[in-house]
Amino acid sequence: MTRLNKSDIRHISSGLEEYNRELQTKTGRTLLGIACHAYGKNEIQVKHRINSFSIHVIPVTAGQGIITDFSETVTAILQFLGFNALTSDNPDTSGIAHAFESKADAVMMADDKRFVGINLNTRVVADNSEATGRVFASVLDLMAGGIKDHEVLVLGCGLVGAAAARTLLFLNSRVALYDVYPPIAHSLKESLSVYATFDRIRIETDVNRALSKDQYIIEATPAAGTIPDELISDTMVVAAPGVPLGISKIGCQILKNRLVHDKLALGTAAMAVSLLS
Ligand code: 2YH
């Protein structure tokens, strides 16, 4: 599981306006619009509610401890969307207690294993891996103008790739699953069989062949260089939640508006929208 570091998040807050414009160009929707699309929510109704929905972001010192600016960046993303968000002055237990005492609607917090949002009224838990996979699958749906009946190559079958694959099946697309550890792809195929018939799910073993054939890609691996420059076609469209990004700088230039990648913003936006009751 990738742990973000200071340099991963340094420019997120100051780049939100620009990223929002970039998303509009690439998908036709804003950061909030994409998160609403992922959860089937009406953006206008959501906009009416978010400024009174209070979220405390609580720094967590457990395990490897606090990542400089992590909580502040999550708060900045939430505020950018219009939520009534703040970074708690108190970490850990004190932060949770203070959130309840001040009647916050939700908390967001991350340790080394999970980044979650919890609605303190409804007890709904939003998991970052799940929300990230779901929102990036929705990005692909928007970029494709509807992903229904298209095959999507899912690179990386961990928690994020699994959530993306599940969402794509809900959107009636077909998925080809690839993981460097084939048993992980096979086990995901088994668990996805409750959502779709097996003819919509296949295992890919030859990733280079698949990359030269498939147009739509979810890049959800924790590795660099998973999509080599020479395999990027003029029609390839990539939604990439993986950190680090599996595409070189040149690859990004080739893909241009056919690539969406970020390290925190879309996943956080999706979590927050899913917490609204
Ligand atoms: O980055 C992480 C974990 N790898 C979970 C990621 C889930 N997709 N956690 C962030 C830790 C933040 C830290 N405890 C803080 O600053 O509060």
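Structure's up top.
The following paragraphs examine the structure supplied in this document.

1. Overview of the overall build of the protein
Alright, step 1. Tallying secondary structure elements over the protein gives 12 helices and 11 strands in all.
Alright, step 2. The C-alpha radius of gyration computed for the protein amounts to 18 Å, which stays within 12% of the reference 19 Å derived for 277 residues, consistent with globular compactness.
Alright, step 3. Its C-alpha atoms put the protein at 55 × 40 × 40 Å along the principal axes.
Alright, step 4. When burial is assessed residue by residue, the protein has 54% of its 277 residues classed as buried.
Alright, step 5. For the protein, the exposed surface amounts to about 12700 Å²; the carbon and sulfur share of it is 51%.
Alright, step 6. Charge-centre separation for the protein: the mean point of 26 positive side chains lies 4 Å from the mean point of 29 negative side chains.

2. Observations regarding the site of the ligand
Alright, step 1. Lining the immediate surroundings of the ligand are 17 residues, of which T2, V60, I67, A110 and D111 lie closest.
Alright, step 2. For the ligand, an oxygen atom lies 2.8 Å from a polar atom in the backbone of V60.
Alright, step 3. Between G65 and the ligand, the recorded distance is 3.4 Å, taken from a backbone N or O atom to a nitrogen atom.
Alright, step 4. Relative to its unbound accessible area of 470 Å², the ligand is 94% covered by the protein chains.

3. As for the pattern of salt bridges
Alright, step 1. Tallied over the full model, the rule gives 14 salt bridges.
Alright, step 2. Where E43 meets K47, a salt bridge forms, and the shortest distance between an N and an O atom there is 3.6 Å. Pair noted here: E43 and K47 are both in helix α4 (residues 43-50), with a separation of four residues, about one helical turn.
Alright, step 3. In this structure, the salt-bridge partner of R114 is D127, at a minimum N-O distance of 2.9 Å.

4. As for the packing of helix α5 (residues 70-81) against helix α12 (residues 265-275)
Alright, step 1. Contact geometry of α5 with α12 gives a least axis separation of 10 Å together with a crossing angle of 60 degrees. With respect to the hand of their crossing, α5 and α12 are arranged in right-handed fashion. Across the interface between the two elements, V74, I77, L78 and L81 from α5 touch A265, T268, A269 and A272 from α12.
Alright, step 2. Of the residues contributing to the contact of α5 with α12, the split by class is seven nonpolar, one polar and no charged.

5. What about the sheet that holds strand β2 (residues 84-87)?
Alright, step 1. A sheet is described by the order of its strands in space; here five strands give the open sequence β2-β1-β3-β4-β5, paired in mixed fashion. A strand with exactly one partner marks an edge of an open sheet, and here the two such strands are β2 and β5 (125-127). Across this sheet, the average inter-strand angle for adjacent strands is 20 degrees, counted without regard to direction.
Alright, step 2. Across the face of the sheet, helix α7 (residues 128-144) comes into contact with β4 (115-119) and β5 while running at roughly 65 degrees to β5.

6. Some points on the nonpolar core
Alright, step 1. Core analysis: the biggest nonpolar cluster contains 75 residues, and L31, M108, L177 and L266 have the highest contact counts within it.
Alright, step 2. At nine residues, the largest contribution of residues to this core is made by α7.
Alright, step 3. Residue-level mapping places this core at the junction of two domains, with at least three residues from each of domain 1 (6-129 + 266-274) and domain 2 (130-261).
Alright, step 4. Beyond its immediate chain neighbours, meaning those up to four positions away, L31 contacts L16, Y19, N20, L23, I77, F80, L81, A265, L266 and A269.
Alright, step 5. Grouped together as the second largest cluster of nonpolar side chains are 18 residues, L211, L231, I247 and L259 included.

7. Here's the deal with the sheet that holds strand β10 (residues 237-240)
Whether parallel or antiparallel, the strands of a sheet pair through hydrogen bonds between backbone atoms.
Alright, step 1. Pairing within the open sheet is parallel, and its six strands lie in the order β8-β7-β6-β9-β10-β11. Bordering the open sheet on either side are β8 (201-203) and β11 (259-261), each of which pairs with just one other strand. Going across the sheet, the axis of each strand differs from the next one's by a mean of 20 degrees, ignoring polarity.
Alright, step 2. α7 rests against β6 (151-155), β9 (216-219), β10 and β11 of the sheet, and its axis sits at about 160 degrees to β10.

8. Considerations on the layout of surface pockets
Alright, step 1. Taken as a whole, the second largest pocket encloses approximately 560 Å³ of empty space.
Alright, step 2. Around the second largest pocket sit 20 residues that line it, and Y19, E22, H261, D262 and K263 are the ones nearest its centre.
Alright, step 3. Considering only residue class, the lining of the second largest pocket consists of 10 nonpolar, three polar and seven charged.

Here is what the cut-offs are and how they apply
Residues numbered from 1 in each chain as written. Predicted model: local features only at pLDDT ≥ 70, side-chain atom pairs only at ≥ 80, totals over all residues. Heavy atoms only, no water. Helix = DSSP H or I, 4+ residues; strand = E, 2+ residues; numbered from the N terminus. Rg over C-alpha atoms; globule rule 2.2 N^0.38 Å. Buried < 20%, exposed > 50% of the residue type's maximum accessible area, 1.4 Å probe, protein only. Areas by Shrake-Rupley, 256 points an atom, 1.4 Å probe, with all protein chains shown as cover. Lys, Arg positive; Asp, Glu negative; His and termini not counted. Charge placed at Lys NZ, Arg CZ, Asp CG, Glu CD. Near = heavy atom within 4 Å. Polar contact = N/O pair within 3.5 Å; in protein donor to acceptor, adjacent residues only side chain to side chain. Salt bridge = Lys/Arg side-chain N within 4 Å of Asp/Glu carboxyl O. Axes fitted to C-alpha atoms, helices over the stretch in contact; angles between N-to-C directions. Left-handed = near helix turned anticlockwise from the far one by under 90°. Contact = heavy atoms within 4.5 Å. Nonpolar A, V, L, I, M, F, W, Y, C, P; charged D, E, K, R; others polar. Pairing = 2+ DSSP bridges. Core = buried A, V, L, I, M, F, W, Y, C linked by side-chain atoms within 4.5 Å. Domains from an automatic or database assignment. 1 Å grid on protein atoms, 1.4 Å probe; cavity = no way out; pocket = protein on both sides within 12 Å on 5 of 7 lines; lining within 4 Å. Points joined across faces, edges and corners; volume = space filled by probe spheres on them.

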